[in-house]
Amino acid sequence: MKLNSPRIWLWIAAGIVVINGFFPAVWILLTSFKTEAELTRIPITWLPENPTLQNYVQALTRAPIGRYFLNSLIVAVGATLLCVFVSALAAYALARLRIPYKTLIFSLLVGVSMFPTVTLLLPLFEMVLALGLRNTYVALILPHAALSIPVATLVLVSFFQGIPKDLESAAMVDGCSRLGALWRIVVPLSAPGVFTASILAFVNSWDEFLLSLTLLPSQAMRTLPVGIQFLQGEYSFPWPLISAALIIALVPVALVIAIFQERVVGGLTQGGVKG
């Protein structure tokens, strides 16, 4: 294959993207099995010479990682369920009902999804304080769901538009209400899109840091990203310990994506083609 061939440059570009995407995760995994002495040794050692699980033991005992894990799971699952529920209603309305200014609504959804979280921090903080929700799961579930609703709605609209209206009409003739047709006909037939929206919402909530740090300040309510941040000391930064905690935090997301990979890829592809 010639060097000036477009195909070889395509493979080179693909290799750079793969290395850039996987190398940090692989390096964190290798670091989690090293000691601090080996990590700071010069010349650098790429593979652990004496792999140890002590970093994982410390990560689970030095801080209540299990509690942080449970907090993140409760918040992420709650935010995902709420996001999918609201997004399905909104997407169905946009796909089926005659709503004026649909184009403007779609533009607003895209625009809202681009807002950085830091610009919403102060009003959300004041709202949570006014409602007395600080240090509660609801304080995070509501904003996490709200931040994922625009993207989830856009994904579901594409799928709902691809489902024949005759199926809903037949269900309503048999006595099913419009909402019943949504949950019994449209949503099951849009399973790839629902899985895609759910995983996007779950990952966004699981990885979120700024709101979690601000709205859940007590140690017992910390989520994993916030809890891992507090593993560092004032004058020390134990990279092997933090790497082990990061691997523990990455496992649920990796498992979800690995299990539902085909549905996610198919959902994103079909959603991009339809509508």
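Analysis parameters
The residue numbers shown here count from 1 along each chain, following its written sequence. Local features in this predicted model are restricted to residues of pLDDT 70 or higher, and side-chain atom pairs are both shown and tallied only at a pLDDT of 80 or more, whereas totals for entire chains, interfaces and linings draw on every residue. Hydrogens and water are ignored here; the side-chain numbers use all heavy atoms of the structure. Strands are runs of DSSP state E lasting at least 2 residues, helices are runs of H or I lasting at least 4, and numbering of each runs from the N terminus. Residue contacts are defined here by distance: any two heavy atoms, one from each residue, within 4.5 Å place the two residues in contact. Like charges within 9 Å and nonpolar side chains (Val, Leu, Ile, Met, Phe, Trp, Tyr) within 5 Å are joined into patches, using only residues over 30% in relative accessible area that form no salt bridge. Accessible areas in this description were obtained via Shrake-Rupley with a 1.4 Å probe; residue shielding takes into account the shown protein chains only. The rule for a salt bridge is simple: a side-chain nitrogen of Lys or Arg has to be within 4 Å of a carboxyl oxygen of Asp or Glu. UniProt positions are given in the numbering used here, feature names are shortened, and annotations may be inferred rather than shown by experiment. We call two N or O atoms a polar contact when they sit within 3.5 Å, provided that within protein one can donate a hydrogen and the other can accept it, with sequence-adjacent residues counted only if both atoms are side-chain atoms. Per residue, pLDDT measures the predictor's confidence, with a range of 0 to 100.

Here we come to the side chain of Thr80. In this structure, Thr80 sits in helix H4 (residues 65-96). When residues no more than four places from it in sequence are discounted, the contact partners of Thr80 are Ser198, Ala201 and Phe202.

Together, Ile19, Phe23, Ile44, Trp46 and Leu47 give the surface a local cluster of nonpolar side chains, amounting to about 580 Å² of exposed area. Structurally, Phe23 is set in helix H1 (residues 6-31).

In the UniProt entry, the feature "transmembrane region" (unreviewed entry) is given for residues 9-30, 68-92, 104-125, 137-160, 181-203 and 239-260. Annotated as 100% helix and 0% strand, the span residues 68-92 places its first and last C-alpha atoms 36 Å apart. Split by type, residues 104-125 is 86% helix and 0% strand. Its first and last C-alpha atoms lie 29 Å apart.

Bringing the side chain of Ser87 into the picture now. Examined against the element boundaries, Ser87 turns out to sit in helix H4. Within polar-contact distance, the side chain of Ser87 engages the backbone oxygen of Cys83 at 2.7 Å. With residues up to four places along the chain from it excluded, the contact list for Ser87 reads Ile149, Ala152, Thr153 and Leu156.

Along the chain, Ser32 falls in the loop between H1 and helix H2 (36-39). Put simply, Ser32 and Pro51 are 19 residues apart on the chain and 8.8 Å apart in space, counted from C-alpha to C-alpha. Look past the residues within four positions of Ser32 in its chain and what remains in contact with it is Thr52, Asn55, Tyr56, Pro240, Ser243, Ala244 and Ile247.

Taken as a whole, the protein chain shows an average pLDDT of 83; of its residues, 91% reach a score of 70 or greater. Mean pLDDT across the elements of the protein chain bottoms out in helix H14 (residues 261-273) (53) and peaks in H4 (91).

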